Amino acid sequence: DIGGLEEVQKRIKRAIALGAVSDKPQAVSATDRVLMFGPPGTGKTLLASAVAGSMDATFFDVKLGGLLSKYFGDSSKLINALFDLAATMSPSVIFLDEIDALTQSRNGSSDSSSRRVLNTLLSELDGIVKGDESFVMVVGATNQPGDLDNAVRRRFPERLLIPLPDEPAAEDVVKIHTLHGDVDVADQSPHT
């Protein structure tokens, strides 16, 4: 259950549903990479989990700090292993939370190990083959989309702003996650 975000939910459902249509033009394909951005606490993780649940897919909730290792080459091996396992357990959804932590812009201040890890991630994102028997969807989330490397942004054809909830959406969130009933949140008077 997700409160609000109806337009975002429609866009995600449409993108995934296109993958189920056979004999469609080459230009129309399923979106297997989605970048969600917006302020913290707006439901990005919940949306990614809902995508996996709606597809009955294996859900990999990846904190990118857990993929970083102090040993030479280990981070790249972990990223390769993640994508290999996701393909084996297809259909699957890889949720890369706070993707900006790993994929900041390549410039003079980034070190060689950071560039190597970024290049490994880019090659894995390029390696997702549409039309293959396995289906791996990658959902990235960030609060700072401007910090992402341009090459990373290009790898995510579907980009969704997850906004702060308006008043009706906030009421839905409260109902779903605390009240579990048909209570009219707007009619509740504050307790003093």
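Everything below is about the structure printed above this text.
Residues numbered from 1 in each chain as written. Predicted model: local features only at pLDDT ≥ 70, side-chain atom pairs only at ≥ 80, totals over all residues. Heavy atoms only, no water.

J.: Help me get a handle on the pattern of salt bridges, residues and values and all.
T.: In the structure shown here, the tally under the stated rule is five salt bridges. We note a salt bridge from Lys10 to Glu7, for which the minimum N-O separation is 3.7 Å. One end of the pair is Lys10 and the other is Glu7, both in helix α1 (residues 6-17) and three residues apart, which spans about a single turn. A residue is classified by how much of its surface remains accessible, and Lys10, at 53% relative accessible area, is exposed. (Salt bridge = Lys/Arg side-chain N within 4 Å of Asp/Glu carboxyl O. Helix = DSSP H or I, 4+ residues; strand = E, 2+ residues; numbered from the N terminus. Buried < 20%, exposed > 50% of the residue type's maximum accessible area, 1.4 Å probe, protein only.)

J.: So, the pairing of strand β5 (residues 158-161): which residues are in play, and what are the values?
T.: Consecutive side chains along a regular strand alternate between the two faces of the sheet. A one-sided burial pattern is seen for β5, the buried positions being Glu158 and Leu160 and the unburied ones Arg159 and Leu161. As paired elements, strand β1 (residues 33-37) and β5 share four bridges and run parallel to each other. Along β5, the bridge assignment pairs Met36 with Leu160. (Pairing = 2+ DSSP bridges.)

J.: Account for the sheet that holds strand β4 (residues 136-142), naming residues and giving values.
T.: One open sheet accounts for five strands, arranged β2-β3-β4-β1-β5; its pairing is parallel. Edge positions in the sheet fall to β2 (58-63) and β5, since each of these pairs with one other strand and no more. Taken pair by pair, the neighbouring strands of this sheet meet at an average axis angle of 20 degrees, ignoring direction. By the bridge criterion, five bridges tie β1 to β4 in an arrangement that is parallel. Looking at the pairing, Met36 lines up with Ala141 of β4. Across the sheet, helix α2 (residues 44-54) is in contact with β1, β2, β3 (92-97) and β4; its angle to β3 comes to roughly 170 degrees. (Axes fitted to C-alpha atoms, helices over the stretch in contact; angles between N-to-C directions. Contact = heavy atoms within 4.5 Å.)

J.: Which residues make up the environment of Gly53, and what values do they have?
T.: On the secondary structure map, Gly53 appears in helix α2. Residue Gly53 is classed as exposed on the basis of its relative accessible area, which comes to 56%. Each C-alpha atom of the pair Gly53 and Val93 lies 9.4 Å from the other, and the pair is 40 residues apart in sequence.

J.: Can you lay out the nonpolar core for me, pointing to particular residues and giving the numbers?
T.: Val62, Leu82, Phe83, Ile94, Leu96, Ile99 and Val138 are the most contacted members of the largest nonpolar core, which totals 24 residues. For this core, the leading source of residues is helix α4 (residues 112-126), giving five residues. Val34, Met36, Ala48 and Val93 belong to the second-largest nonpolar core, a separate cluster that totals 18 residues. (Core = buried A, V, L, I, M, F, W, Y, C linked by side-chain atoms within 4.5 Å.)

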